[in-house]
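# Structure assessment
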Amino acid sequence: MSVLICGGAGYIGSHNVRAFKAHGDDVIVVDSLETGHRASVPNDVKFYEGDIRNSEILDKIFTENNIEAVIHFCAYSLVGESVEKPLKYFDNNVGGMISLLEAMQRHDVKRIIFSSTAATYGEPKKVPILETDPTEPTNPYGESKRIMEKMMHWVSSRYDIRYVSLRYFNVAGAWHDGSIGEDHKCETHLIPLILQVPLGKRNHITIYGDDYPTKDGTCIRDYIHVEDLARAHILALEYLRSGGESNIFNLGSGDGYSVMEMINAARKVTGHPIPAQIGERRAGDPARLIADSTKAQNILRWKPEITRMEDIISTAWKWHQSHPDGYMD
């Protein structure tokens, strides 16, 4: 029996490929390579290049392999782009989920772990955020992920396809040995942007607003190391294997770091001064986003292990130092 990782050549997907392999699972990857990197997938992993909206490639995969479960990372994830191009996001994200669930139903595959997001909550009315809090997305990206969750709910009730939806907060860091890491064609994540300064790729990091109601005036976010995140996916699949019902879990550390704290931690790790400049606030940026992951701790027995920001940034720095231009593919 094999685990199919859709989007396994992306940042989070590629770390899950390694984690599932280390756990002893047989892993198969499908990725369109639109944003992923073939070099991030080990050569001994069976790889299919294709878009999951293509039912023919999915039928080929499910026919040629004995798939036990699907891990779904195939979604566009840039909030700003989703506002500019909402139909692109609904076509890829929602359309991809329709195609995938149809294929699972045709081939009698009953388990799926879904990469969801804190963006499903929109502007939080309180923090830390619970799974039972209202989901009112404020952009097409978050809306598409919420629709995908609802689709799994209704399909689950009809075809007994059980799912776990994992709502991540901010994912960061890289594989411990620096062999794989974060390489986006259009980088929007804070840690890689900060590290571009000591790498000589930008002169400074811009802080978007320093007048928020926080301890230092900059936004606070909840960060989770990518290896801790991968471990949560393994535990989620074990939960379904043991008969667990469909469920939704937040994944975060439960602690928050401000943008300024992140910059200061990166200064310590890199030994670089990392100049910072204050810019205008970005529309829609909440002051604080922090997860309550008690449910995941109680049911999945998951708890983040890499929580010091210096440790998280150190793994990212190891990757960026050894791959200053990414995968080069």
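Above this text you will find the structure in question.
Residues numbered from 1 in each chain as written. Predicted model: local features only at pLDDT ≥ 70, side-chain atom pairs only at ≥ 80, totals over all residues. Heavy atoms only, no water.

## Here's the deal with the sheet that holds strand β4 (residues 67-72)
Which entries qualify depends on this criterion: Paired strands, in this sense, are two strands between which DSSP finds at least two bridges. Helix and strand labels come from DSSP, where a helix needs a run of H or I of at least four residues and a strand needs a run of E of at least two; each type is numbered from the N terminus. Only the stretch in contact is used when a helix axis is fitted, and all axes are lines through C-alpha atoms; the angle between N-to-C directions ranges over 0 to 180 degrees.
If you walk across this open sheet you meet the seven strands as β3-β2-β1-β4-β5-β6-β11, and the pairing is parallel. Either end of the sheet is taken by a strand with one partner, and the two such strands are β3 (46-49) and β11 (247-251). Here the average twist between neighbouring strands, direction ignored, is 20°. Where strand β6 (residues 162-168) lies against β11, five bridges are found, and the strand directions are parallel. Directly across from L166, in β11, lies its bridge partner F249.

## As for the nonpolar core
In plain terms, the rule: The criterion is simple. A nonpolar core is a set of buried Ala, Val, Leu, Ile, Met, Phe, Trp, Tyr and Cys residues joined through side-chain atoms within 4.5 Å. Each residue's exposure class comes from its accessible area (1.4 Å probe, protein chains only) as a fraction of the maximum for that residue type: buried when under 20%, exposed when over 50%, partly exposed otherwise.
Counting residues in each nonpolar core, the largest one holds 41 residues, and the members touching the most others are I5, I113, V164, L166, Y168, V171 and L251. Put simply, the parts of the chain that give this core at least two residues each are β1 (2-6), α1 (11-23), β2 (26-31), β4, β6, α7 (226-241) and β11. It is α7 that contributes the most residues to this core, nine residues altogether. If you look at the next biggest cluster of nonpolar residues, it comprises 29 residues, including I28, V30, C74 and V109.

## Quick notes on the packing of helix α4 (residues 86-106) against helix α5 (residues 140-159)
Threshold: We call two directions roughly parallel when the angle between them is under 35 degrees, roughly antiparallel when it is over 145, roughly perpendicular when it lies between 65 and 115, and oblique otherwise. Crossing handedness is read from the near helix: turned anticlockwise from the far helix by less than a right angle, it gives a left-handed crossing, and turned clockwise, a right-handed one. Contact criterion: two residues are considered in contact whenever any of their non-hydrogen atoms come within 4.5 Å of each other. Under this grouping Gly is polar, as are all residues other than the nonpolar Ala, Val, Leu, Ile, Met, Phe, Trp, Tyr, Cys and Pro and the charged Asp, Glu, Lys and Arg.
Where α4 meets α5, the closest approach of the two axes is 9 Å, and the angle between their N-to-C directions is 20°. Looking at the two axes, α4 sits roughly parallel to α5. Considering the relative orientation of α4 and α5, their crossing is right-handed. Contact residues: α4 offers P86, Y89, F90, N93, V94, M97, I98, L101 and Q105, while α5 offers P140, Y141, E143, S144, I147, M148, M151, M152, V155 and Y159. Of the residues that constitute the contact of α4 with α5, the class distribution is 15 nonpolar, three polar and one charged.

## Here's the deal with helix α2 (residues 55-64)
Definition in use: The directions from the helix axis to the C-beta atoms are what the arc is built from.
Among the residues making up α2, those that are buried are I57, L58, I61 and F62. In an axial view of α2, the angular spread of the buried residues amounts to 125°, which keeps them on one side of the axis. Seen from the open side of α2, the exposed residues pointing more than 90 degrees away from its buried face are E56 and T63. Turning to α2, the residues buried within the fold contact β1, β2, β3, β4 and α4.

## Here we look at the environment of R53
The criterion, for reference: For this analysis, a polar contact is any N or O atom pair within 3.5 Å, provided that within protein one partner can donate a hydrogen and the other can accept it, and provided that sequence-adjacent residues contribute only side-chain to side-chain pairs.
Within the element layout of this structure, R53 appears in the loop between β3 and α2. Using a relative accessible area of 30% as the deciding quantity, one classes R53 as partly exposed. It is 9.9 Å that separates the C-alpha atoms of R53 and C74, two residues lying 21 residues apart in sequence. Leave out the neighbours within four places in its chain, and R53 touches Y76, D91, N92, G95, G96 and S99. Reaching out from R53, the side chain makes a polar contact with the side chain of D51 at a distance of 2.7 Å.

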